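# A structural walkthrough
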Amino acid sequence: MSKTTSTFKRYEKKFMLNNDQFLSISKKLERYMKPNRFDKYTICNIYYDTDTYEIIRRSIDKPVFKEKLRLRSYGTPERDDQVFFELKKKFNREVFKRRVSLSAEEFDNYLKCGSYPEGAKQVMDEIEYFKSLYNPHPAIFIAYERTALVGKEDSSLRITFDENIRFRNDDLSLSKGDYGTQILPEGQYLMEVKINEAMPIWLSRMLNEEQIFPISFSKYGYCYQNFMGFNVSKTNDDNQPAA
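To start, this report covers the structure provided alongside it. This is a predicted model, so every value here is computed, not measured.

## Topic: the pairing of strand β2 (residues 33-49)
- One ladder, built from 13 bridges, connects β2 with strand β6 (residues 137-151); its direction is antiparallel. Pairing of N45 across the sheet is with I142, part of β6.
- One ladder, built from five bridges, connects β2 with strand β3 (residues 65-74); its direction is antiparallel. Of the residues in β3, the one forming a bridge with Y47 is R70.

This is the structure:
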């Protein structure tokens, strides 16, 4: 029942949009993009970190290589619903994602007994090695609503819009619901362009016309710096949303 999905050599670019920019570019994208399998859905994540938040602090420093471990679900999962245990790595601008899909019940059994899901040994070995290095534990819950588009001619091109981004650092279980504290002003959207190679020329021109420019933004990093009592790199504007 479990399976492993691997994504290699993907590039991700992020942009912060106000409501007018979102409405305008959404209309223009209809010529080139179509809704993904699910038009709009809720994503819930639990990020793992150390007692001293070593993983996110290292990520904020923008090293050449960084990695993170998270548990993800689409909506609040029941026992038989699918969750994803993901190890995400970034080297320079390239993103590598390794993940295991399993039921929420199977994940609970893994936590209790340490038994690997069927057919997932290779990825779970990588996750176990990561855990042996950091001894991480659930550190933060982050949820948001996502609208996802895929290219009509190039299915490897994906564009997503995240809104209503919220977090909590207690009740760190996906089964506890998707409530949390809002981190961005109402009417702001985080857009991500996910590509295998170079960005299409038509998309570059469209973004320039709309005065939409790339930013460096981490949901977890923003929560850590602005809402969790830590002022690391507060003078750095990389994780500040657009005005």
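## Concerning helix α4 (residues 121-134)
- A rise of 1.5 Å per residue sets the reference length of α4, with its 14 residues, at 20 Å; its end C-alpha atoms lie 20 Å apart and thus fit the reference within 8%.
- For α4, the complete set of buried residues consists of V123, M124, I127, F130 and Y134. Axial view of α4: buried residues confined to an arc of 115°, hence all on one face. Facing away from the buried side of α4, by more than 90 degrees, are the exposed residues K121, Q122, Y129 and S132.
- At the C-terminal side of α4, N135 shows a positive phi close to 50°.

## Regarding the layout of surface pockets
- The calculated volume of the second largest pocket comes to roughly 250 Å³.
- Along the wall of the second largest pocket there are 16 residues; nearest its centre are F107, D108, S173, L174 and S175.
- When contributions to the lining of the second largest pocket are tallied by element, the ones reaching two or more residues are β2 and α3 (104-113).
- In terms of residue class, the lining of the second largest pocket is made up of eleven nonpolar, two polar and three charged.

## A look at the environment of K131
- For K131, the location among the structural elements is in helix α4.
- Separated by 35 residues in sequence, K131 and F96 place their C-alpha atoms 18 Å apart.
- Sequence-distant contacts of K131, that is, excluding residues within four places in its chain, are made with L69, Y110 and P136.

Parameters at a glance
Residues numbered from 1 in each chain as written. Predicted model: local features only at pLDDT ≥ 70, side-chain atom pairs only at ≥ 80, totals over all residues. Heavy atoms only, no water. Pairing = 2+ DSSP bridges. Helix = DSSP H or I, 4+ residues; strand = E, 2+ residues; numbered from the N terminus. Expected span 1.5 Å × (residues − 1). Buried < 20%, exposed > 50% of the residue type's maximum accessible area, 1.4 Å probe, protein only. Arc of directions from axis to C-beta. 1 Å grid on protein atoms, 1.4 Å probe; cavity = no way out; pocket = protein on both sides within 12 Å on 5 of 7 lines; lining within 4 Å. Points joined across faces, edges and corners; volume = space filled by probe spheres on them. Nonpolar A, V, L, I, M, F, W, Y, C, P; charged D, E, K, R; others polar. Contact = heavy atoms within 4.5 Å.

These figures capture arrangement, not role.
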